[in-house]
Amino acid sequence: MINISINGKKIGLEGPATVLEAARRHGIDIPTLCNHPALELWGGCRMCVVEIEKMPRLQTSCTVMAADGMTVYTETPRVVAARKSVLEFLLINHPLQCPTCDKAGVCKLQDLTVKYGAVAGRFEEGKRTFPESVDDPLIVRNMERCIMCTRCVRMCDNVQGAFAIGVVNKGTRSHVEPFSGGRYNCEYCGNCLNVCPVGAIMSRLHRYTYRPWQMDKTVKTICSFCGVGCTQLLEVRSGAIQKVSPVFGEGVNKGLLCGRGIFGYGYVGSPERLKTPLIRKNGVLEPAEWDEALALAERKMLEIKNLHGGRAIAGVAGGRCTNEENYVFQKLLRAGFGSNNIDSVARLGLMHAQNLLEDIFGQGAAANLISGIPRSDAVITVACDPTQTNPVMGLQVRAAARAGKKVLTVGHAHGLRRHRTHSLPAHIGTEGMALAGLLSELLKIKKLPGENPEFEAAIKNFELPRLEEVETYTGVSAAMLSGAASALKDVSSSSIIAGRELAAHRDARRNLMLLAAIGYILNSRFFLISEHPNEQGLIDMGCAPDTLPGARPIALQTFRERYEEAWGVKLDPEPGLSLMEMFEQAGDTVRAMYIMGENPAFNLPGRKMVKSALGKLDFLVVQDIFMSETAAMADVVFPSLAWSEKEGTYTNLEKRIQKLEKAIEKNPEKKVFLMEDWQILMEIGKRAGLNMPYTASSDIIDELARLSPLHAGLGYGDLAETGMMWPYKGKPLRMGGRIPALPVSRAEAPSKEQALAPVLVLDKPLFHSGTLSRHAGPLLDIMAEAEAKLSPETGSVLEVTDGAMISISTAEGEMALKVKFEKGLPVGAIFAGNNFGEAGALGLFGYELEPESKTPILRFANLEIKLETGKL
C-alpha cells in the first residue's frame, strides 16, 4: 500500500500510479493539456505542475510517480502563478476566435483560461499566422490555434502506428502537418481529431453547424461496421446523428475508432433510404401499405409451403441485424414455414474455421479477449490483414510490436509491414502450405506440451512437406521458415489471427488443422476475422441449416423438443440447405426465399448464377434499408431501421454480447412509419399463427434466455457496462476431442508460368464495408470509386500506369477499374473490392463448394486485363 496526501486528503494506493492518476481516482482535479489517457506520459505542457513537500521545484504530476509518505498540494499560490504563466505563453499566439471556433464549449484551453487567466498579456509583437488548410475533404487544420501539445502526433505514431503527421519547422513556426502535404494520406482513423484539446484539428462534417451544448442527447452504443464491436458515442440533434465520438477507456476499443466507425454514420440519414413497403405489380415495384405487404408475404409463403412443403422455402439472415432479429428470423422460418434452409454470410469462412477449432479444443476455442493480443509473447496473422478488416484489432497487433513482441505475418498483411518482425510472404492462396513448413520447423525445435495426447498423436502422424516443396509452392524460402520458427521457440503464449480465406480454400480442413497444431504448440489464443458486426451472433442464434439457438444440433431430439414445446410446433429434424446450395436449387426444390439485411445478388461469388436463381423463384421477400441489387429483384420489399434506430444486441468476434442502444426515435412528423426487423417478422409470424408475443426487443432476449442453454438467465441488465463474454450465463455444449487425420493436400504446385501470371484478389478496403458504406458520403469523399490496387512492379509488368483505366475480365464477367499503385503489394496480385455498383469484384469470381463445410471457394478463369489499346 502506498500512502500519500493530496491537499490534506489521505489516499491509499494499491499499486504504482502517477500523482495525477492518484488525484483523479479520488476526485481531485489537476488541469492538463498534453496528458491523455490513451497516450504515454509526456509532461510537456506544464499545466499539471504541483507542489510536493521536500522538493524545491514544482513537479509535473503526470510524470511523477506517487511515493509512500508523499505530501502534494495542487492549488497553492505558487502553483496557480505557474499555470497562469503557461497560459500567458500559450495565448501569445493563440487567436481569439472562440465565437467562431467549433471547439468552443469543449475546449480545454478555453476552460483553463476562464479558471486561471491570464488576465492580460505582456507580449507586444504580432501573433504568428498560418493559412487554414481545407484541402482535405474531412479534416480542417487551423495551426494558429495549435498549442503544440503533440497529442495528435503521439496518437498517430505511438497508438495508431500510421506515422502520417509530424511537427515541422522550429520555434514559433512549429506546427503540425501531414507528410503528404495539404490532403491527408492516412488511415482516417479520426483519432487525431478526438485527442486535440483545442480547435487546431477539426472535422469538416459538422463545421459551423452546431454547438456542443445544442445536442438533444448523447447515446453510447456499438459500432455497426465490423466484428470488433467498438463502443462509440452518438451525438444527436433534431433526430439525426451529428457526430460520432469515442469513449476513451471504455469498451473493447478503449476509445480508439477507425475511419468507418467515426465517419461512416452518414448512411443513416441518406435520402436513398427506403421509406415504405414495396410490392411488385405488373413487373414494377410500387409503394404499398404495411398491411397489404405483410398479408401478401404471409399468404404467398404459406401457399408455397402448402403446395411444395416447408423445404421449398429458404432464408438468408443478416450479419448487421441484431441477435434478437436473427432469433425471430430463424423462428419464423423453422416454426412458421417449416424450413431449416437458413444460412448467412458466416458460411463464407467464419463458421467452418470456428467449428473445426471447437472440434479439437472445445466450444469457445475462439472466445478470447482482444485486449490480450499485446500481452502475448508473439502474434501471428494468417491470410488476413486485420488493420483493414478489423482495424481496431489490428491496432492491438501494432501495440504488441511496440511492446517488443514478435509479430509474424503469413501471407499478405500490408498494414503491418512496418510492425512485423518476421514475414512468410506466401503467394496468394498458399498460406496453408507455408503453415505446413512452419509447423515442420517448429516440431524440430520445440516439444509438444503434453496436454492433449490425442491431438499430439495426430500431429505426430501429419505428413508434412519438405522445405524445398514449400518454397516451390509458396515462394517462402527455407531460411525464412527456420528463422520464423527460431523466433517462436521460446514464446510461452501467443495470439493467432486467421482470415476467412484460410477456410474458404480447397484445402480448408488441412489449413485449419495446421493452424490448430501451431496454436497448440505455441499456447495460442485464436481470433477469427469477422467482417460484420453480428457475424458471430448469426451462429449463436441458430441461423444455420443444422443448428438451433445456442449452437445446439437440430438433429438431436432432446434439443429439438425444448423448442418444439415452447413454439408449439414440430420441427423438421433434417438439416437444411447451406447458403450457396439454396441458390443452386432455386426454381427447383427451393421456390421462395426470405432475405433479411443481406444483398446476395451482389455480395456472393457466382453472381450470374445467384441473380439467375433469384429470378427463378416464385416469390422473394427482402428486408433492407436501401434498394439493393437483391431488393430490386424482390416481389415484396420491407424498409427496415438502421442500427442507430433500434435496440438490441450484437455478439462480437470475441464472443462478447453487447447492448445496442437506440439513438434516433421514429419521428411521426416525418410521415414515415418504419418498423424494426423483428417487428416485421413478428407481424408475418402472427398472421401465420405463430406465438410471438413481443412488445420490445427485451421480450425476445428473455425468450432466448429461457430456451437456449447457452444464454440461460441472460438479460439486458447483465450487459450494462462491458457486455458479457462467452459462455455468458449459460452452459456451453460439450465438444472437443474430435480429431481427424490431416487430409492430403488437393492442390498442386504452380508451374513457373502460373506463378508469374496475374492473380485477382478480393480486396477488403479500409474505408468501405460491403455495400452499406457506399451510402456514407464522408467515406465516399475518401474513396469515391472502385480501384484496382497493384504494386508499381506489377504495373510495370502489365505496362499500365498509375491512374489508368483498365478492363478486367474473367469467365464470369468484366468490369472497368482505375489503377492505383500501392507500394508493398505482392508482385502479380491485383486487388479489387466489392463495394461499388457495377464494379463489384465478386462479379468476376466463380466458386466451388468445400465438400465438408459447403463454404464457397473463390475461383476465376481466363483472367484478362486490357487497356483501350488492347489486351495485356
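Predicted, not measured: the structure shown is a model, and the values here were computed from it. Positions within a chain are numbered from 1, following the residues in the order the chain's sequence is written. Thresholds applied to this predicted model are a pLDDT of at least 70 for local features of residues and 80 or more for the giving and counting of side-chain atom pairs; totals over whole chains, interfaces and linings are not thresholded and use all residues. Derived side-chain values reflect all non-hydrogen atoms in the structure, with water molecules and hydrogen atoms excluded from consideration.

S.K.: Before we move on, can you summarise the overall build of the chain with the specific residues and values?
M.R.: Each helix corresponds to a stretch of at least 4 residues labelled H or I by DSSP, and each strand to a stretch of at least 2 residues labelled E; elements are numbered beginning at the N terminus. Assigned secondary structure in the chain consists of 26 helices and 38 strands. The quantity called the radius of gyration is restricted to C-alpha atoms. Its globule counterpart is 2.2 Å times the number of residues to the power 0.38. Here the C-alpha atoms of the chain give a radius of gyration of 29 Å, agreeing with the 29 Å that 2.2 N^0.38 yields for 872 residues. With the C-alpha coordinates aligned to their principal axes, the bounding extent of the chain is approximately 90 × 70 × 65 Å. Put simply, the chain has 872 residues, and 60% of those count as buried. Each residue's exposure class comes from its accessible area (1.4 Å probe, protein chains only) as a fraction of the maximum for that residue type: buried when under 20%, exposed when over 50%, partly exposed otherwise.

S.K.: Account for the sheet that holds strand β4 (residues 59–60), with residues named and values stated.
M.R.: Strand order in the open sheet formed by five strands is β2-β1-β5-β3-β4, and the pairing between neighbours is mixed. A strand with exactly one partner marks an edge of an open sheet, and here the two such strands are β2 (9–13) and β4. By the convention used here, strands pair only if DSSP detects at least 2 bridges between them. Examined bridge by bridge, strand β3 (residues 49–52) and β4 share two bridges and lie antiparallel to one another. Bridge pairing in β4 links Val50 to Gln59. Note on definitions: a residue-residue contact is assigned when non-hydrogen atoms from the two residues lie within 4.5 Å. Each axis is a line fitted through C-alpha atoms, and for a helix only the stretch in contact is used; angles between axes span 0 to 180 degrees, taken between their N-to-C directions. On the sheet, helix α2 (residues 77–93) packs against β3 and β5 (71–73) and is oriented at approximately 160° with respect to β3.

S.K.: Quick one: what's the story with helix α11 (residues 391–402), residue by residue and with numbers?
M.R.: Given a rise of 1.5 Å per residue, twelve residues ought to cover 16 Å, and the 17 Å separating the end C-alpha atoms of α11 matches this to within 8%. The element α11 is extensively covered by neighbouring structure, given that ten of its twelve residues are classed as buried. For α11, the complete set of buried residues consists of Pro391, Val392, Met393, Gly394, Leu395, Gln396, Val397, Arg398, Ala399 and Ala400. Directly beyond the C-terminal end of α11, a positive phi value near 85° is found at Gly404. One less than the residue count of a helix, multiplied by 1.5 Å, gives the span that helix is expected to have.

S.K.: Explain the domain arrangement of the chain to me, using residue names and the numbers behind them.
M.R.: Where a domain begins and ends is set by an automatic assignment or by a domain database. Split into domains, the chain comes out as domain 1 (2–75), domain 2 (300–347 + 537–725), domain 3 (350–528) and domain 4 (752–867). Here domain 1 and domain 2 have C-alpha centroids that lie 53 Å from each other.

S.K.: Tell me about the sheet that holds strand β25 (residues 619–624), residues and numbers included.
M.R.: The seven strands lie next to each other as β14-β13-β26-β25-β24-β15-β16, forming an open sheet whose pairing is mixed. Each edge of the sheet is formed by a strand with only one pairing partner; in this case those strands are β14 (284–287) and β16 (342–343). As judged from the four bridges shared by strand β15 (residues 313–316) and strand β24 (residues 592–596), these two strands associate in the parallel manner. Residue pairing for β24: Ala314 is matched across the bridge by Met593.

S.K.: So what's going on with the pairing of β24? Which residues, and what values?
M.R.: With five of its five residues buried, β24 lies for the most part within the structure. Neither face of β24 is exposed, since Ala592, Tyr594 and Met596 on one face and Met593 and Ile595 on the opposite face are all buried. When β24 meets β25, the two strands line up parallel, connected through five bridges. Across the sheet, Ile595 pairs through a bridge with Val622, a residue of β25.

S.K.: I'd love a proper account of the packing of α2 against helix α3 (residues 108–116), names of residues and values included.
M.R.: Taken N-terminus to C-terminus, the directions of α2 and α3 make an angle of 130°; their axes are 10 Å apart at the nearest point. When the interaxial angle is binned, α2 and α3 end up oblique. Crossing handedness for the pair α2 and α3: left-handed. Contacts between α2 and α3 involve Val80, Arg83, Lys84, Leu87, Leu90 and Leu91 on the former and, on the latter, Leu109, Leu112, Thr113 and Tyr116. Of the residues belonging to the contact of α2 with α3, the class tally is seven nonpolar, one polar and two charged. Oblique is the label for any angle not under 35 degrees, not over 145, and not in the 65 to 115 range, which are roughly parallel, roughly antiparallel and roughly perpendicular in turn. Each crossing gets its hand from how the near helix is turned against the far one by less than a right angle, where anticlockwise is left-handed and clockwise is right-handed. We call Asp, Glu, Lys and Arg charged. Ala, Val, Leu, Ile, Met, Phe, Trp, Tyr, Cys and Pro are nonpolar, and the rest, Gly among them, are polar.

S.K.: Hey, could you go over the state of the cysteines for me, with residue numbers and the actual values?
M.R.: Think of a disulfide as a covalent bridge from one cysteine sulfur atom to another cysteine sulfur atom. Our working definition of a disulfide is a cysteine sulfur pair at a distance within 2.5 Å. By the definition in use, this model includes zero disulfides. Of all cysteine sulfurs in the structure, the one in Cys189 sits closest to Cys186, which takes part in no disulfide; the separation is 6.6 Å. The thiol of Cys230 is unpaired, and the distance to the nearest cysteine sulfur, on Cys226, comes to 6.0 Å.

S.K.: Please set out the side chain of Arg552 residue by residue, giving values where relevant.
M.R.: As for its placement among the helices and strands, Arg552 is situated in strand β23 (residues 552–553). Whenever a nitrogen or oxygen atom comes within 3.5 Å of another N or O atom, the pair is scored as a polar contact, on the condition that within protein one atom can donate a hydrogen and the other can accept it, and that pairs from neighbouring residues in sequence are kept only if both atoms are in side chains. Looking at Arg552, its side chain comes within polar contact range of the main-chain oxygen of Gly550, at 3.0 Å.

S.K.: Any details on the nonpolar core? Residues and values, ideally.
M.R.: The biggest cluster of nonpolar side chains holds 101 residues, and the ones touching the most others in it are Ile201, Val228, Tyr267, Met393, Ile497 and Trp643. Considering every element that reaches this core, the biggest residue donor is α11, with four residues. The contacts of Ile497, once residues within four sequence positions are left out, are Ile373, Val379, Ile380, Thr381, Val382, Cys384, Pro386, Met393, Val397, Phe527 and Ile529. Core analysis: the second largest hydrophobic core is formed by 87 residues, Leu296, Ala613, Leu617 and Leu710 among them. The nonpolar core is taken to be a set of buried Ala, Val, Leu, Ile, Met, Phe, Trp, Tyr and Cys residues, with the residues joined through side-chain atoms within 4.5 Å.

S.K.: Describe the pairing of strand β11 (residues 231–237), with residues and values.
M.R.: Burial analysis of β11 places five of its seven residues in the buried class, which makes it a mostly covered element. Pairing of β11 with strand β12 (residues 240–246), which is carried by six bridges, proceeds in the antiparallel orientation. Looking at the pairing, Val236 lines up with Ile241 of β12. Between the end of β11 and the start of β12, which pair antiparallel, lie two residues, with Ser238 showing a positive phi angle near 55°.

S.K.: How would you summarise the pattern of salt bridges if you had to cite specific residues and measurements?
M.R.: Here the idea is simple: oppositely charged side chains can pair when their charged atoms come close. Put simply, a salt bridge is a Lys or Arg side-chain nitrogen that is within 4 Å of an Asp or Glu carboxyl oxygen. This model, assessed by the stated rule, comprises 44 salt bridges. A salt bridge links Glu325 to Lys646, with the nearest nitrogen and oxygen atoms 3.1 Å apart. In this pair, Glu325 is assigned in helix α8 (residues 323–336) and Lys646 in the loop between β26 (636–639) and β27 (648–651), connecting sequence segments 321 residues apart. Each member of the pair, Glu325 as well as Lys646, carries the same accessibility label: buried. Through salt bridges with shared partners, a single network forms among Arg500, Glu501, Glu531, Glu535 and Lys764.

S.K.: With reference to specific residues and values, describe the packing of aromatic side chains.
M.R.: Ring pairs are drawn from Phe, Tyr and Trp, using the six-membered ring of Trp, whenever the two centres fall within 6.5 Å, and their geometry is named by plane angle: stacked under 30 degrees, edge-to-face over 60, tilted for the rest. As enumerated under the stated definition, the model contains twelve aromatic pairs in all. Three or more aromatic residues link up through ring pairs in this structure, and these residues are Phe361, Phe455, Tyr520 and Phe526. The lysine or arginine in question, Lys659, covers the ring of Tyr716, its NZ or CZ lying 4.5 Å from the ring centre. Should the NZ of a Lys or the CZ of an Arg lie within 6 Å of a ring centre and within 35 degrees of the ring normal, that charge is described as sitting over the ring.

S.K.: So what's going on with the environment of Val470? Residues and values would help.
M.R.: Inspection of the secondary structure assignment puts Val470 in helix α14 (residues 467–474). Note on Val470: relative accessible area 0%, which makes it buried. Linking Val470 and Ala400, residues 70 residues apart in sequence, is a C-alpha distance of 29 Å. Sequence-distant contacts of Val470, that is, excluding residues within four places in its chain, are made with Met433, Ala434, Gly437, Pro465, Gly475, Val476 and Leu481.

S.K.: Break down the packing of helix α12 (residues 431–445) against α14 for me, with residues and values.
M.R.: Two elements in contact, α12 and α14, have axes separated by 9 Å at closest approach and are oriented at 155°. Compared by their axis directions, α12 and α14 come out roughly antiparallel. Like other packed secondary-structure pairs, α12 and α14 cross with a definite hand, here left-handed. Contact residues: α12 offers Met433, Ala434, Gly437 and Glu441, while α14 offers Leu467, Val470, Tyr473 and Thr474. Class assignment of the residues belonging to the contact of α12 with α14 gives a composition of five nonpolar, two polar and one charged.

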